[in-house]
Amino acid sequence: MEYLASEIPAGPRWVDFNPTVGLELMAARAEMRGALGIAAEAQPQAVVDGLFAASRALTAGNPAAARQALAAPAFTDGPATLRRLAGLPALPRTRSATALTEREMFRTEQDNQHSSGGNGTMF
């Protein structure tokens, strides 16, 4: 969600996307941050880096390193974030935003297919 909410509203690759998608993704990011205990003002890359490092630490069987990866200022309570990740609550805004993003990706891919006469694959 951190990546999508940062990339889609500003990335040149997504210029054909409906601007509503970016707004919904940013709202979903706020919902997810609240659910996970991530500071509202945290830099997206710091959040991505922390979550990725925590994932690697957990895979390696090192929960202490995972807690350390989820440190302030981006994360308000690393141990709580780990618990919340293990049992995420329903995130309706996030679910809706990701579904909207998927539909918009499909729509732009279809538009590209029709305009190019080819297979229009974006990726």
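In the block above lies the structure referred to throughout.
These remarks concern the structure in this document.

Thresholds applied
- Residues numbered from 1 in each chain as written.
- Predicted model: local features only at pLDDT ≥ 70, side-chain atom pairs only at ≥ 80, totals over all residues.
- Heavy atoms only, no water.
- Helix = DSSP H or I, 4+ residues; strand = E, 2+ residues; numbered from the N terminus.
- Buried < 20%, exposed > 50% of the residue type's maximum accessible area, 1.4 Å probe, protein only.
- Contact = heavy atoms within 4.5 Å.
- Areas by Shrake-Rupley, 256 points an atom, 1.4 Å probe, with all protein chains shown as cover.
- Lys, Arg positive; Asp, Glu negative; His and termini not counted.
- Charge placed at Lys NZ, Arg CZ, Asp CG, Glu CD.
- Expected span 1.5 Å × (residues − 1).
- Polar contact = N/O pair within 3.5 Å; in protein donor to acceptor, adjacent residues only side chain to side chain.
- Salt bridge = Lys/Arg side-chain N within 4 Å of Asp/Glu carboxyl O.

1. Regarding the overall build of the chain
Reasoning step 1: Along the chain, the regular secondary structure elements total six helices and zero strands.
Reasoning step 2: Per-residue burial over the chain gives 32% buried out of 123 residues.
Reasoning step 3: Partitioning the contacts of the chain with sequence separation of at least 6, the portion at a separation of at least 24 is 61%.
Reasoning step 4: Counting only carbon and sulfur atoms, one obtains 57% of the accessible surface of the chain, whose full area is about 7,300 Å².
Reasoning step 5: Taking the average location of the 11 positive side-chain charges in the chain and that of its 12 negative ones, the two points are 8 Å from each other.

2. Re helix α2 (residues 19-36)
Reasoning step 1: The first and last C-alpha atoms of α2 sit 26 Å apart over 18 residues, in line with the 26 Å expected at 1.5 Å per residue.
Reasoning step 2: Along α2, the residues classified as buried are V21, G22, E24, L25, A28, R29, R33, A35 and L36.
Reasoning step 3: Where α2 begins, the capping side chain belongs to N18, and its oxygen is found 2.8 Å from the backbone nitrogen of T20.
Reasoning step 4: Immediately downstream of α2, the backbone of G37 shows phi near 80 degrees, a positive value.

3. Let's talk about the pattern of salt bridges
Reasoning step 1: Here the structure, examined in full by the defined rule, presents five salt bridges.
Reasoning step 2: Here E2 ties to R33 by a salt bridge, and the two come within 2.8 Å at their closest N and O atoms. With E2 in helix α1 (residues 2-10) and R33 in helix α2, this residue pair connects regions lying 31 residues apart in the sequence. Each member of the pair, E2 as well as R33, carries the same accessibility label: buried.

4. Examining the environment of R84
Reasoning step 1: Relative to the helices and strands, R84 is located in helix α5 (residues 78-86).
Reasoning step 2: By relative accessible area, R84 is classed as partly exposed at 34%.
Reasoning step 3: Sequence spacing of R84 and A60 is 24 residues, and the spatial spacing of their C-alpha atoms is 20 Å.
Reasoning step 4: Setting aside its immediate chain neighbours within four residues, R84 contacts G34, A35, L36 and G37.

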